[in-house]
Each structure stands twice: as structure tokens, then as C-alpha cells.
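Chain residues, written in single-letter form:
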Amino acid sequence: MAPPISEGRIARGRLAIVLTIAVWACYIAYTVFEQFIVGHASSARLVVEAIVYMLVVTALMGSAMAYLITRIGFFYRSRGHHRAPRIALDPFLAGETPSVTVLVPSYQEDARVIRTTLLSAALQEYPGLRVVLLIDDPQHPRTRAARDLLLSARSLPGEIEAELGVPFTRVQAAYDRFEAALDDRDRRTTTIEDMRDLAGEYRFAVGWLYGLGHRQEMTDHTDTFFVEHIVNRLADDLSTIAEALERGAEENAALPAGRLVQLYRRLLAIFDATMTSFERKRYVSLSSEPNKAMNLNSYIGLMGGSYQEVSTPLGIALVSAGPGRAQLTIPNPDYVLTLDADSVLLPEYCLRLVHLLEQGAHAQDAVAQTPYSAFPGAATRIERISGATTDIQHIVHQGMTHYDATFWVGANAVLRKKALDDICEVAYEGDWEIRRYIQDRTVIEDTESTIDLGVHGWTLYNYPERLAYSATPPDFGSLCIQRQRWANGGLLILSRLKDQFRAKAARGQKNRFGELFLRVNYMASIFWSSLCLVIMLAYPFNADLLNPVLLLVSVPYFLMMAADLKYCGYKRIDILRIYGFNLILLPVNLSGSFASILQLLTGEKSAFKRTPKVRNRTTAATSYLLAPLALIALCAYTAVRDIQLHQWANLVFAGINLVLASYAMIAYVGVGNTLVDFFTHLRSWLYRPAQPKKRARGADKTASQQTRTGHAEGRALASAGVIGDWASVLHYGPDRGAAGLVAVRSTPTARSTRGPQTAQSRPSSFEEFTFFTVFQPIFDLESGEVAGYEALTRFADGSSPQRGLEAAQAQGLHIDLDAALIRAALASANALPEGTWLSVNVSPDLLRRPRELELLLADTTRPIVLEVSDADPAELADLSDLPANVRIAVDDAGAGYDTLARMESLKPGFLKLGSASLNGIETESARRASIRSLVEFAREHDCTLIAEGIESAQQRDALIECGVPLGQGFYLGRPVPVERALADASR
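Residues numbered from 1 in each chain as written. Predicted model: local features only at pLDDT ≥ 70, side-chain atom pairs only at ≥ 80, totals over all residues. Heavy atoms only, no water.

1. Let's talk about the sheet that holds strand E15 (residues 468-470)
Then, in step 1: Judged by pairing direction, the sheet is mixed, and its 3 strands sit side by side in the order E8-E15-E10 without closing on themselves. Of all strands in the sheet, those bounded by a partner on one side alone are strand E8 (343-345) and strand E10 (373-374).
Then, in step 2: Relative to E15, E8 runs antiparallel, the two being bridged by 3 bridges. Bridging from a neighbouring strand, Ser343 pairs with Ser470 of E15. (Pairing = 2+ DSSP bridges. Helix = DSSP H or I, 4+ residues; strand = E, 2+ residues; numbered from the N terminus.)

Dropping the structure here:
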């Protein structure tokens, strides 16, 4: 989950947009006036220079604006996102879940990398997963190393399935015993022992997971992340549930049979996966084009069919099989999850995204994804800075969803199979039918497929959480290959945007300018930004075009990105490193863009270049080394020239580029690596041996295991710490506190579980009420400071609190529920700013039980205001033993004598004026006079007035004039969760 976004940060983001546009407009207007009206552009060359320079500045400003706009969209989505609680996910798991097939395309990957990816896919909390490793390695390896990679890839799925079979078989047997025991009982009742048995199965799973992490080969930071944030985090979660079940059993509370079934199904879902592999290059009937898209297409095209292998003169072919002849049957799933072999998923990824796609509001979403983040803890500077750009792109893609401009960005995604069938194109290679779902006309196949889906009326959705992580290239050579591919293809797809917008208009949907602008920027900005920056660096423009104000166009962009880097866990100064990093990547980006133009002119498809996944360094192309050095030399020449000509404004620009490009070349490429790569290319150019020498494969292998204290399985017995209310843990997961969600059950009559059960030791009943607490600030109207907060309840099903209390009363649980509402409010309020008081609503029934109310409030030191809507003096007198920090607030009884009499008889600490009492206060002098008299009467009786329902500045000002000290309402502040309340208070 993203950290909460404050109103101040959003306001600064909006200000950055306004400043960028304002400064750009002022510069353009000033330049037009000076160059064309005053006449400084006195020749054709100067006129062309002025026009080109203004176009360059405008193009760069447009890219900066796109970033500033998308980050605002990201802020809105982060604040509006509400995580589905476990109480909504567990019933989904226990029902008929849609089928999902996970496809992991792989090409000559290290076995350790594939194993980690397959384990992260197999450990998804989703039942019946089918995980398929799509091995694209050559069928006849030419080297021993390639053969070893192929053999290890083939064996991995079976090995992992056998590993997962151990916990799955045990839990399945326990579940079968539980179901059999339920069938033998009347009304399928549960016992305390059932809860203890389930807790034991969770404990076993915890120990198995810790053991799995202990066996992981620890080579780099990606392994550390997998163990700590996937395996151990999942184990900790299950350990918390086990502890909650044990505590519930200790309190003699037995969960209903349906709830225990859900918890069993969740545990089974973690280990319920079928692992297999598929090699398309074995068959002549499938495409052999060397790219990831066709690797995926080949298998997707076989889904839903049965096949047999047939020998042909060209090789083995897969053909449709008749009844009883199938050698290979491939199910047709509801969803396809694609996952790159160097990426990992958090355990809830599949569950949350499929659950989302099954909601009616997302019925037209073809792709649900969470743009991948970089693995934290990179060991090299280039991995770290490349990861920073990746995490910034995560913000960009999340923000684009806000403007309906989402692109499928690869690495991971849940695809609706029905949508893939809609965009399928059929072609023929000889006699064989080739199906294309994901287009491979460009090397950025997922981007073009986005357009295809849009033409057919499908939409895409970025889930606003970080649930997927992917490795970044570890050296400059492999990074160049990756970024050159990213830059290649956007210009080719750009022309297809018109097809999507025409189809959208034909369906009667409105085309928004924001969507068009962001989509065009996404596909073409790499080209125009790189080209414009090179022009500014290389061409000596007229000095009159340079203006110090021009620098201010980019200042908001860099300041906001620096703030985003800090937000993502990096340093603000990394913005300078990223700028230098992008400078040395200019030739790479331009190379990819020119490859697109070449394909557009010739029709020849660019070759797909896979990012190398090797432990040794990848040699960078000579051009990618010479071009940054030439850029550095140009900046140095320009700086010297600017000093000679006293062009100080241009000197600043040249000096910054010189320093940052030089730093990037040293830090991210390395002087030694540059010389070695030059020598390697020179040697290969001068010396071409007739027979290539066989290089000895290094026998040394880094296999250092991270030292762990204690036996791994023994950690399963360790307590997970204080978990709070065990019932809330079972219903909403260990992150229940952040969401404020609470489970309510009736108070158990006995806690002892030893000895035979009597009428007073039977398991207590259990009922569910899904709610969370929000807080509305109460302001000092004169100073504008927050004096306190009123705790309000929101039920997850959208029903009103009054309706929830009535439903609880019908079951005899209304007092328990009312007490739970107060308990949850007090627990959440611990994080509220010090010095503020808390107002909670108390029902009349709980008010008549002063002893229970006293116990609820005994442990809080914060000033508390009990708001009662209907009470008599005798009931309030019974509350005399409440702590000294507790005061009473009552509602007004209407205008006039009734309110005064109520105040005099009840003697409350606060009187709350309802919105009805404020009607017309802005314009009616009689209303204001009545409230003034009420303020004076309240002051005489040591009572403070709080005005509710303030909806305008005029009402607030009128109340201040009348002397009302405190107020609340939507105009002053809306009810928000505690995290948002804290963010608002810190502004």
C-alpha cells in the first residue's frame, strides 16, 4: 500500500503544473515579442532558430507536464483506494473461483531465477492454479552451459510441485477429516478442538515455509527480498492466524463451520498448484519467431484443445486429437496470468486481481496489473538508479489509469481470456495455423496489444498497490539492450491511436483530450525528448533566445520528481543522478527510435533482442560508449566557448550537463569497463579466428547462504507478538489495524476449557459486523485549530450505523456491538494528535450499564466526550463514577425553551447544535439572536456549544459572530480514516 498522500502534497503538485504553464507561456510570449515584433530575428537563419528553439522548449515542457499530471492522478487513486479485507476475500476463495493459468516465458534463464519466479507463482493464495513454464531455449544446445540451463529448466516444475505436495497432502487430509466429522454431527456444529486442529495445520504450514526460506540459495538482493517479503511474510501471516485461532479456543469461542471451511480453503489454496512446462520449439506446427509474444501466443492458441504428436518429414507436429487419442490436453482458463521469469509476485497478487475482475464494475477490464517495482537493496549503483526510474514509472502508470490512459506494461498481468479471444488474429505458415493474441509487429508487443483491446471496447486497470517486483539490468551493456527495445516501437503504434478513438466514438463514448495527450506522450516522448535535448546540446543557438526565466520551466518538474524519489525510498539528490543517467542513455533511446522509423520506411520488422540474464558483465556496443564520450567532449567545448564569449546563462546549462554526464559515465559504466569493452570490440574486429576457442567455464560458484539463527521450523512455535482481537485477525488479516476493521462477537460466558463442558462453558456464539472508524475534526472556530474529533462508524456493506445497531439488537448483540464501536474508536484514536479530545456516541442501552461503560473507558488517558441522544437526569447521575477525563455531550431539543430546560436539567459539558438550528443563520437576525442567548446561557451553566453541520463559510462566520466556540461540518472537514486525519493535521 502506498503511504497516505497529504492535501499539502497535492496542492504543491497542482502549483507545479500552474507554474510550469505560466513560465512557459511568459517565455514564449516574451520571445515572440522580442524576436518577431521588436525585430531581433533579423535574418532567415535567426527566424528559423527562434522557431525551432521555441518548439524544442514546448516539446520538453509537454513531457514535463505529462509527468506532473499523471502524478496528480496517482495521488487521487492512492487516496481513494480501499483494500478488500480478508472477510471479503475468504468467501470468494471458498466458493467457485474462476480458473487461472500462469504462464512464465523463459529463455536461457538461470535455474535459481526461474525457481524463485515459479515459487512466487505457486505460493499464490489461489486454488487450482496451473503454472506453466514456457521454455524457449534451443532444442539442440551447442554448448554445455546451454544444455545445463535447458535440463534444469525442464526439471524445475516437477521438483517444485513435489515440494508443495508435502504441505498440500497433509492439509487436505486434515480438511477431509474435518468435513467427515461435521457430517457426523447434528447441524454441522463445531468444537474447540476443531479450532485447535486448524491452528495446528497453520503452525505446520508456517514451519514448512520457514524451512523453504532457509533452503533458498542467497546470491543477491533479489533472493533476500523473496525470502523476507514473500516466504517469511506469508509464514508470519499464517502464524498470526494460528495464534488467533488458539486464543479463540482459549476463550471457549467456536467459529461457525462455514468460517472454518474458509480458513481451511485458504490454507489449501496456498499449496494447491499444478506445475508443468511446455516447449514450443519442439513442434514444427508452432511459430518459432524469437520473441516473448510468440512464445506466449503459441501456448494460448492451444488452450481448450486436445492434441497428439504426429511425426512429419519436417519434425514433430501437434494436431487435434480424436476421442481417446489425446497425448496433451490444455484447459481453457477464465484468466491468464503472464509473469516474466525474472519477476516475483506477492502472495495475494492473483487473488486480489481476479477478485477485482470478477466485480461488475470491472466486467470490461481485459487486463488487470500492478506495474512492477524494482527489488529494493540493489548492490550496484546502476541497478539502484535504474530501479529508481522503474519506481517513478510505477507512479506514472498508476496515474495514467486515473485518466483512462492505461497501457499494458508487461512483466506481469492478469488477462481475461475472453478479451484475448476477441483480439486474436489468425495467419498461416505453410499449412499450420498460427494464432496471434499478443501482437509481435513491434518489440513492445504489450503496448500495441493495448490499442487492439481498446479498439474492441476493452479497458485496462492498474491495481494501486505494489504487488509485483522485477529485476533491473545489473550492468550498462544489458541495460542498453533493454532500453533500446523500450524506445523502439512507440512511433509505429502511434498511428494506430486513431483506430482506438474512432472505435470509441462509434460506441458513443467520449474521447478525452487528457487520454489522447498522455497516450501520445507515452509512445512518442522518448523520441522527441531525446531529439530535443540533443539539439539543445549540439547546436549553438542565438544567445538572445536564452533567458534565465527559461530555467524555471524545468524547476517544478525536477522538484516534484525529487519529492517522488523520496516518497519511493530514494534520496532527493538522486534526481541529479537520474538526469546524468538519462544523458548517457540518449544514444540508446535515439537508436531505438530510429529503428522504428527504419521499420516504418522499409517494412522490415526490428529484431527482438532479449535482455541478457548472466552473472558476468555484458559488453556494451561501441556506439553506446563513444556517443556519451562525444557528448561529454561537446559539453566541455561548449563550456569553454561560453566562458570566452561571456554567455553565462548558456554556461550554466553546459556545465551541469558536463558534470552530470561525466559522473554518470564513471559511476554507471566505469572507466575500467569502458576500456575493456573498447579493447574487446577492437580485438573482435581485428582478429577473427577460424575456430572459436572454448572458454573454460568457471568452477567457482557464489553460494554463500545467509546465516540464520535458530532452527527454521522452530520459528513456527514462536509467538507472533500481540495480535489484538483474535476475531479481527481471522476476519480481516494482520493488517486490520490500518484499515480500522473490527469483528464483533458476543461476550463469552466462560474462558476455561479444561474439564467437561457445562452450560456455562459451551462455545459462545459468533456474529460478524464489518465496520471501520472514521474521524471528523471539531474546530475552534476562532483560531481554526482542531480541538477534537468525533468518532463515526461506517459499515462495509454501506448500511447506516443505526441500521447495523438495529440488526444487532434483533440478535441480542446490540450492546456488544455498541461496545465494540467504542473500543475500536478508542484504539484507532491512539494515533490522533496529542492535545485533542475524542467524542464517541453512546446508545441508551449501554448508557444504562455504567459499570461496563466505565471498564471500556478505564484505560484511556485522552479526554473523552460521551455523546448521548436520549437520556434523563437519573441516568446521567449514575455516571458519576466515570474517570475525570470523561464529559457528557447532549443534542439540542430544538430552538427556545426546550433546549434551555434540557441543559439546566442534564448539566452536560457540551451541547451540540444540530444543522436544523443553523438554518438561516447567515441571513436571519432572529436566528442569530436566539443562538447568542443560548451561548450566554450555556456559559452560565459551564457548558460549551458545538455547532454541527457547518456547510459554508457564511455559516461559520455567523456562528463566530454569535460567540459559538466550536464547530464541525463538511465545509470544515469530512469524516476520514485516522491515517488521513493525521495527514490533514500535519499540513
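Structure shown, so let's carry the discussion forward.
2. What about the nonpolar core?
Then, in step 1: Leu118, Tyr202, Leu209, Leu238, Leu245, Phe271 and Leu337 are the most contacted members of the largest nonpolar core, which has 90 residues in total.
Then, in step 2: Broken down by element, this core gets its largest block of residues, 12 residues, from helix H7 (residues 221-250).
Then, in step 3: Setting aside its immediate chain neighbours within four residues, Leu118 contacts Val104, Val131, Leu133, Leu156, Pro157, Ile160 and Met275.
Then, in step 4: With 78 residues, the next largest nonpolar core counts Tyr53, Leu565, Ile578 and Val588 among its residues. (Core = buried A, V, L, I, M, F, W, Y, C linked by side-chain atoms within 4.5 Å. Buried < 20%, exposed > 50% of the residue type's maximum accessible area, 1.4 Å probe, protein only. Contact = heavy atoms within 4.5 Å.)

3. A look at the packing of aromatic side chains
Then, in step 1: The full count for this structure, using the stated rule, is 21 aromatic pairs.
Then, in step 2: Plain terms: the ring middles of Tyr67 and Tyr557 are 5.6 Å apart, the flat faces sit at 80° to each other, and that makes the pair edge-to-face. Placement of Tyr67 in helix H2 (residues 44-80) and of Tyr557 in helix H18 (residues 548-567) is noted, with a sequence separation of 490 residues between them.
Then, in step 3: Taken together, the aromatic side chains of Tyr67, Tyr557, Phe558 and Tyr579 make up a single cluster linked through ring pairs.
Then, in step 4: If you follow Arg77 out to its NZ or CZ, it ends over the ring of Tyr461, 5.0 Å from the centre.
Then, in step 5: Looking at Arg170, its charged tip hangs above the ring of Phe204, at a distance of 4.2 Å from the centre. (Phe/Tyr/Trp six-rings, centres within 6.5 Å; stacked < 30°, edge-to-face > 60°. Lys NZ or Arg CZ within 6 Å of the ring centre and 35° of its normal.)

4. A closer look at the pairing of strand E9 (residues 365-369)
Then, in step 1: Of all 5 residues in E9, 5 are buried; the element is thus mostly enclosed.
Then, in step 2: In terms of strand pairing, E9 meets strand E14 (residues 459-462) through 4 bridges, oriented parallel. Along E14, the bridge assignment pairs Asp365 with Thr459.
Then, in step 3: Pairing of E9 with strand E11 (residues 412-416), which is carried by 2 bridges, proceeds in the antiparallel orientation. Bridge assignment links Val367 to a residue of E11, and that residue is Leu415.

5. Overview of the pairing of strand E2 (residues 129-135)
Then, in step 1: In terms of burial, E2 is a largely internal element, 7 of the 7 residues being buried.
Then, in step 2: Summarising the sheet, strand E1 (residues 100-106) and E2 pair through 6 bridges and their orientation is parallel. Its bridge partner lying in E2, Val104 is registered against Leu133.
Then, in step 3: One crossover worth recording links E1 to the parallel E2 by way of helix H4 (residues 111-122), and it is right-handed.
Then, in step 4: In the sheet, E2 pairs with strand E3 (residues 273-278) via 6 bridges, with the strands oriented parallel. In the sheet register, Arg130 faces E3, and the bridge partner there is Thr274. (Right-handed = clockwise from strand over helix to strand, strands pointing away.)

6. Some points on the side chain of Glu179
Then, in step 1: Note that Glu179 resides in helix H5 (residues 144-183).
Then, in step 2: For Glu179, a relative accessible area of 19% puts it in the buried group.
Then, in step 3: Of the polar contacts made by the side chain of Glu179, one reaches the side chain of Tyr175; its length is 2.8 Å.
Then, in step 4: With residues up to four places along the chain from it excluded, the contact list for Glu179 reads Arg188 and Val261. (Polar contact = N/O pair within 3.5 Å; in protein donor to acceptor, adjacent residues only side chain to side chain.)

7. Brief notes about helix H14 (residues 476-486)
Then, in step 1: Where burial is concerned, most of H14 is hidden: 9 out of the 11 residues are buried.
Then, in step 2: Buried within H14 are the following residues: Phe476, Gly477, Ser478, Leu479, Cys480, Gln482, Arg483, Gln484 and Arg485.
Then, in step 3: Of the surrounding elements, those touching the buried residues of H14 are helix H11 (381-402), helix H19 (574-584), helix H20 (586-602), helix H21 (622-645) and helix H22 (648-669).
Then, in step 4: Looking at where H14 begins, the residue whose side-chain oxygen comes 3.1 Å from the main-chain nitrogen of Gly477 is Asp475.

8. Quick look at the pattern of salt bridges
Then, in step 1: In the structure shown here, the tally under the stated rule is 50 salt bridges.
Then, in step 2: A salt bridge links Arg956 to Asp957; its shortest N-O distance comes to 3.2 Å.
Then, in step 3: Its relative accessible area of 24% is what places Arg956 among the partly exposed residues.
Then, in step 4: One salt-bridge network, held together by shared partners, links Arg83, Arg86, Asp90, Glu125, Asp237, Arg259, Arg266, Glu348, Arg352 and Glu465. (Salt bridge = Lys/Arg side-chain N within 4 Å of Asp/Glu carboxyl O.)

9. Examining the environment of Leu328
Then, in step 1: Assignment of secondary structure puts Leu328 in strand E6 (residues 328-330).
Then, in step 2: The exposure class assigned to Leu328 is partly exposed, which follows from its relative accessible area of 22%.
Then, in step 3: Put simply, Leu328 and Gln308 are 20 residues apart on the chain and 6.2 Å apart in space, counted from C-alpha to C-alpha.
Then, in step 4: When near neighbours in sequence (up to four residues on either side) are disregarded, Leu328 contacts Phe278, Gly305, Ser306, Tyr307 and Leu318.

10. Details of empty space enclosed by the protein
Then, in step 1: Summed over all chains, the structure comprises 1 cavity of 30 Å³ or more.
Then, in step 2: Computed from the structure, the largest cavity encloses a volume of approximately 80 Å³.
Then, in step 3: Lys292, Leu296, Thr338, Trp408 and Glu445 are, among the 13 residues lining the largest cavity, the residues nearest its centre.
Then, in step 4: Residue assignment for the lining of the largest cavity shows that the elements contributing at least two residues are helix H9 (292-300) and helix H13 (445-455).
Then, in step 5: Looking at the lining of the largest cavity element by element, the count peaks at 3 residues for H9.
Then, in step 6: Its residues assigned to classes, the lining of the largest cavity shows 6 nonpolar, 3 polar and 4 charged. (1 Å grid on protein atoms, 1.4 Å probe; cavity = no way out; pocket = protein on both sides within 12 Å on 5 of 7 lines; lining within 4 Å. Points joined across faces, edges and corners; volume = space filled by probe spheres on them. Nonpolar A, V, L, I, M, F, W, Y, C, P; charged D, E, K, R; others polar.)

11. Digging into the environment of Thr618
Then, in step 1: Mapped onto the fold, Thr618 is located in the loop between H20 and H21.
Then, in step 2: By relative accessible area, which is 11% here, Thr618 ends up buried.
Then, in step 3: Each C-alpha atom of the pair Thr618 and Asp475 lies 6.7 Å from the other, and the pair is 143 residues apart in sequence.

12. Description of the side chain of Glu348
Then, in step 1: By the secondary structure assignment, Glu348 is in the loop between E8 and helix H10 (349-357).
Then, in step 2: Assessed through its relative accessible area of 13%, Glu348 is described here as buried.

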